[in-house]
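Examination of the molecular architecture
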Amino acid sequence: MWLREELLKAIWHAFTALDVDQRGKVSKSQLKVLSYNLCTVMRIPHNPLTFEEHFKDDDKGPLSNEGYMPYLNRYILDKVQEDFDVLEFYRMCWTLCYKKNIHPHRLIISDADAFKVWCIFNFLSEDKYPLVIVFEEVEYFLRKLMEAMGIGWCEEKFTDYRMRHNTKSCLTVWELIELVGVIYFSNDVDRQILSMSINEVFSELILDILKQVGQDAAGGGSGYMMKKGHKRKNWMERWFVLRPTSLTYYICEDLTEKKGDIVLDQSCCVESLPDRDGKKCLFIIKCLDKSFEISASDKKKKQEWIQALQTCIQMLRLGLLSPHREARLRRRELRQKQQLEEQDLTERMKNLQAANEAKQRQLEDMRLKMEEAKAKAELEELRRKKKQSDLQDRYRLDLEREKTVRQEMEEQVAQKSSELDQYLQRVRELEDMYHRLQEALEDERQAKQDEEAMRKLQARLLEEEAAKRAELEQIYLKQQRTLTQTEAEKEELMAEQLAKERELQAASQQLDRLEKERQGALEQYQEVSRKLERAANKTKTWKDKVAKHEGLVRLIQPGHKGAQRITNWGPASFTDIELELRKKSWQEKKNQGAPA
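Residues numbered from 1 in each chain as written. Predicted model: local features only at pLDDT ≥ 70, side-chain atom pairs only at ≥ 80, totals over all residues. Heavy atoms only, no water.

**Notes on the overall build of the protein chain**
In terms of regular secondary structure, the protein chain is built from 13 helices and 15 strands. Within the protein chain, buried positions represent 29% of all 596 residues. Residue pairs in contact within the protein chain that sit at least 24 positions apart in sequence constitute 61% of those at least 6 positions apart. (Helix = DSSP H or I, 4+ residues; strand = E, 2+ residues; numbered from the N terminus. Buried < 20%, exposed > 50% of the residue type's maximum accessible area, 1.4 Å probe, protein only. Contact = heavy atoms within 4.5 Å.)

Here it is, written out as structure tokens:
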């Protein structure tokens, strides 16, 4: 249902237009005609007798707005229903007021567009009279208008306009129409685009058109959807318009021939249907008494319509108004909250200013008191100076007497000071002697401790020396036993040496032959020694690197090389086992050659 406040705003414009002298009063005859026209447009039975009976005590002159409002509420607005054409009602009120307030030849928009701006003003204006629209709502309207025109919002332009009108914080309806039709879009906008944008915003805010086929409140496009009939079950092409409480379908997009309404309520639901009977992108709207099957042009449009219908049904279930009315209420609540905060801030500023003024008064009182105190202090200072001069004269005599006494005292003090210096010198000498004595005692105690430590060290060294001596005696006995065994082994070795000398004489013939081999082996040994030395150097280098990087890793080094064995085949050319094997082989060959 149309809100009573929105109807009252349009009637207020008509009443104000009839008030020619701008005294807030209109003649009875004019109000009677206005009431008759209102009843006719709103389809309410009009009774002229009720008008005369209601105003029977006001025969002396014209009627005021306060006197007409009770009659309007009781006999007209309380009886209004939803079956009247609200646009016709708006046009009737617009016809009464626009010719007296605007000049069409100055505007770049048509009268129809000016009427739509007038309706938008009534929608966005504050609910108090005289009607005005605050600059926040003006900015909201201009933003939507430029968005519909595809033009980016220019904050500097609006701020400049607002600064030029900073003396007031709101606009009347005629100033808003002049702003749209003369000032804001006068130079760089095509008139047809501006007219289409005004119509689009009008459809969205006033007609509550949330969505049309191929066109929603934020964009353009055109197209139709197919609807299945209830009686003939045939599919007809219709133009659909979605509002918060209904889905209306028309024959064409000019919205002149309406074919029916699908009333939406809390019990309705929207479901998707599979393709059938050659129809695609189907969905169904289920109401209490009947259901409606609709075919969209494509899957995207189908999903958009299902989502839009579900949103409307959800808002009805929550008891909310249309989205734009909800947004308007939220903006008003936000502005009221800001106004309360500003009032609170203003009140605080007033309190602070009052406190500041009180402080200023206190400071002024303190300044006056300080001036009085300063005058008193100057008087006291004069008295004090006079008294001080008298005292100075008296004190001068006293000082002269005290000066002679002081000289005597100074002589005595000088004598006492010399005695005190001698006494202090003696005390310092005694203290010095006491410190030296303490240092000597400390040195003596330290020397005793060092002597005791040396005595303990000598005792430990003597014990270690005795242990070493016993250990050396044991080693000497072991050496004696070893020498006895060595002599016996020496005799055995002498016998063996004799045998080997005999064998050596037999092997001397082979010595020459093996000498060359020994020389070759010696050269090989020298080559191997050089290689071994290079390998040892390389091993040492790697050992250093490993010790540097790994720390705990230690390489296994070759053992100490003792005295080399010298044989007939070269120095250390063979091991002892290989040497014994060669000896046995040589002896066998010798034994075999002797019989031959």
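**Here we look at the nonpolar core**
The nonpolar side chains of a soluble globular protein tend to be buried, and buried together. Residues L38, Y68, F89, Y90, W118 and F141 are the most contacted members of the largest nonpolar core, which totals 79 residues. When sequence neighbours within four positions are dropped, the list of residues in contact with F89 reads L7, A10, I11, L38, V41, M42 and F84. In this structure, L210, M225, L242 and I306 belong to the second largest nonpolar core, which totals 24 residues. (Core = buried A, V, L, I, M, F, W, Y, C linked by side-chain atoms within 4.5 Å.)

**Focus: the pattern of salt bridges**
Under the criterion given, the structure shown has 33 salt bridges. Here R335 and E137 are joined by a salt bridge, their closest N and O atoms 2.4 Å apart. One end of the pair, R335, is in helix α12 (residues 323–550); the other, E137, is in helix α7 (residues 135–149), and 198 residues separate them in sequence. Here R335 matches E137 in class, with each residue buried. Across the pair E371 and R367 runs a salt bridge whose closest N-O atoms are separated by 2.6 Å. Taken together, the residues E371 and R367, both in helix α12 and four residues apart, mark about one turn of the helix. Through salt bridges with shared partners, a single network forms among E126, E137, R331 and R335. (Salt bridge = Lys/Arg side-chain N within 4 Å of Asp/Glu carboxyl O.)

**Thoughts on the packing of aromatic side chains**
Scanning the entire structure with this criterion turns up 18 aromatic pairs. Taken together, a centroid distance of 6.1 Å and an interplanar angle of 15° make the contact between F15 and Y68 stacked. Taken as a pair, F15 in helix α1 (residues 4–18) and Y68 in helix α4 (residues 65–75) lie far apart in primary sequence, 53 residues in all. Judged by its relative accessible area of 6%, F15 falls in the buried class. Between Y68 and Y71 the ring centres are 6.0 Å apart and the planes differ by 35°, which places this aromatic pair in the tilted class. Note that Y68 and Y71 are positioned in helix α4 at a spacing of three residues, about one turn of the helix. With relative accessibility at 1%, the residue Y71 sits in the buried group. Geometry around W305 places K211 over its ring, the cationic atom sitting 5.5 Å from the centre. (Phe/Tyr/Trp six-rings, centres within 6.5 Å; stacked < 30°, edge-to-face > 60°. Lys NZ or Arg CZ within 6 Å of the ring centre and 35° of its normal.)

**Digging into α1**
Between its terminal C-alpha atoms α1 stretches 21 Å, which fits the 21 Å expected from 15 residues at 1.5 Å a residue. Buried residues dominate α1, accounting for 12 of its 15 residues. Along α1, the positions that sit buried rather than exposed are E6, L7, L8, K9, A10, I11, W12, H13, A14, F15, A17 and L18. (Expected span 1.5 Å × (residues − 1).)

**Looking at the environment of L171**
Residue placement: L171 occurs in strand β4 (residues 170–171). Residue classification places L171 among the buried positions, given a relative accessible area of 1%. Measuring from C-alpha to C-alpha, the distance between L171 and V134 comes to 6.5 Å, with 37 residues separating the pair along the chain. Apart from residues lying up to four places away in sequence, L171 is in contact with F121, V132, I133, F135, V138, Y161 and L179.

**Focus: unusual backbone geometry**
Across the chain, the bulk of peptide bonds are trans and the bulk of non-glycine residues have phi less than zero. Cis rather than trans, the peptide bond between Y129 and P130 has omega equal to 0°. The residue P130 is located in the loop between α6 (111–124) and β3 (133–134) in this model. With a phi close to 60°, R43 is a non-glycine residue in the positive phi region. Looking at where R43 falls in the secondary structure, it is placed in the loop between α2 (28–41) and α3 (48–54).

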